[in-house]
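Chain by chain, the residues:
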Amino acid sequence: MQSLQLAFEIFQNRERYFEKISEDSYPGAIIKGQVLLIFLAAFIYGSIMGSYNGVAQAFSSGIKLILLIFLTLSICFPSFYIVQILLGSKMKLRQLIIILLGGFVMLTTILVAFAPIALFFQLSLSAYAFLQLLHFLVFVFAGIWRMRVVVETLKVACEKKN
């Protein structure tokens, strides 16, 4: 339970979150909480996305969204880490993991926040093309906020480190 509270600190007290990231004072439980939160939120939104075509598709879409997020992270993280080192960053690997997972926590939480809207339009028998556009726009909006959090956190952490 404490690990989930730590993962939600990005929403509740952003200044404290930035401070803890730059000082590397988060306990290891935050990573566990972030991963759990991403799993749950991604599965919920993915299930709603896929529920247009039945229960089996809803379940598989929930799993696919989880895989998409973690495969994206695993593919992009090594390059991101190397670029940070080349730019002279003194951040630890653990700090960068927490920062990127924090961005994905933001993304998936925003997706879940829009889930009732997506479900409403889906249940009101909207056209499938409209639902695709709606999901695309929700992902764009959540992605912009995700990047904003990552960039803000990197700025604060790098300023305090360097």
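Here, every reference points to the structure presented above.
Residues numbered from 1 in each chain as written. Predicted model: local features only at pLDDT ≥ 70, side-chain atom pairs only at ≥ 80, totals over all residues. Heavy atoms only, no water.

### Here we look at the overall build of the protein
If you tally the helices and strands in the protein, you get 7 helices and 0 strands. Looking at the protein as a whole, 40% of its 162 residues are labelled buried. When the accessible area of the protein is evaluated, it comes to approximately 8,800 Å², of which 72% is carbon and sulfur surface. Taken together, the 13 basic and 7 acidic charged side chains of the protein have centroids lying 7 Å from each other. (Helix = DSSP H or I, 4+ residues; strand = E, 2+ residues; numbered from the N terminus. Buried < 20%, exposed > 50% of the residue type's maximum accessible area, 1.4 Å probe, protein only. Areas by Shrake-Rupley, 256 points an atom, 1.4 Å probe, with all protein chains shown as cover. Lys, Arg positive; Asp, Glu negative; His and termini not counted. Charge placed at Lys NZ, Arg CZ, Asp CG, Glu CD.)

### Concerning the packing of aromatic side chains
Aromatic ring pairs are described here by two measures, namely the spacing of the ring centres and the angle between the planes. Scanning the entire structure with this criterion turns up 9 aromatic pairs. Pairing F77 with Y81 gives two aromatic rings, centres 6.1 Å apart and planes at 15°, and the pair type is stacked. Highlighted residues: F77 and Y81, both in helix α5 (residues 55–86), separated by 4 residues, approximately one helical turn. On the basis of relative accessible area, F77 is assigned to the buried category, the value being 14%. Overall, Y81 belongs to the partly exposed group, its relative accessible area being 24%. An aromatic cluster of three or more residues is present, and its members are F114, F141 and W145. Across the ring face of F104, the terminal group of R146 is positioned such that the distance to the ring centre comes to 4.2 Å. (Phe/Tyr/Trp six-rings, centres within 6.5 Å; stacked < 30°, edge-to-face > 60°. Lys NZ or Arg CZ within 6 Å of the ring centre and 35° of its normal.)

### What about the side chain of S89?
Examined against the element boundaries, S89 turns out to sit in the loop between α5 and α6 (93–123). Given a relative accessible area of 15%, S89 falls into the buried group. Separated by 3.3 Å, the side chain of S89 and the backbone nitrogen of M91 make a polar contact. Excluding anything up to four places from it in sequence, S89 contacts Q84 and C158. (Polar contact = N/O pair within 3.5 Å; in protein donor to acceptor, adjacent residues only side chain to side chain. Contact = heavy atoms within 4.5 Å.)

### A word on the environment of L86
The topology assignment puts L86 in helix α5. Overall, L86 belongs to the exposed group, its relative accessible area being 71%. Sequence separation between L86 and F59 is 27 residues, and the spatial gap between their C-alpha atoms is 41 Å.

### Some points on the packing of helix α4 (residues 29–50) against α5
As a packed pair, α4 and α5 sit with axes 7 Å apart at the nearest point and diverge in direction by 135°. It follows that α4 is oblique to α5 by the angle criterion. The handedness of the crossing between α4 and α5 comes out as right-handed. Across the interface between the two elements, V35, I38, F39, A42, F43, Y45, G46, S47 and G50 from α4 touch Q57, A58, F59, S61, G62, I63, L65, I66, I69 and F70 from α5. Classifying every residue of the contact of α4 with α5 by side-chain character gives 13 nonpolar, 6 polar and no charged. (Axes fitted to C-alpha atoms, helices over the stretch in contact; angles between N-to-C directions. Parallel < 35°, antiparallel > 145°, perpendicular 65-115°, else oblique. Left-handed = near helix turned anticlockwise from the far one by under 90°. Nonpolar A, V, L, I, M, F, W, Y, C, P; charged D, E, K, R; others polar.)

Don't take any of this as a statement about function, it's just geometry.
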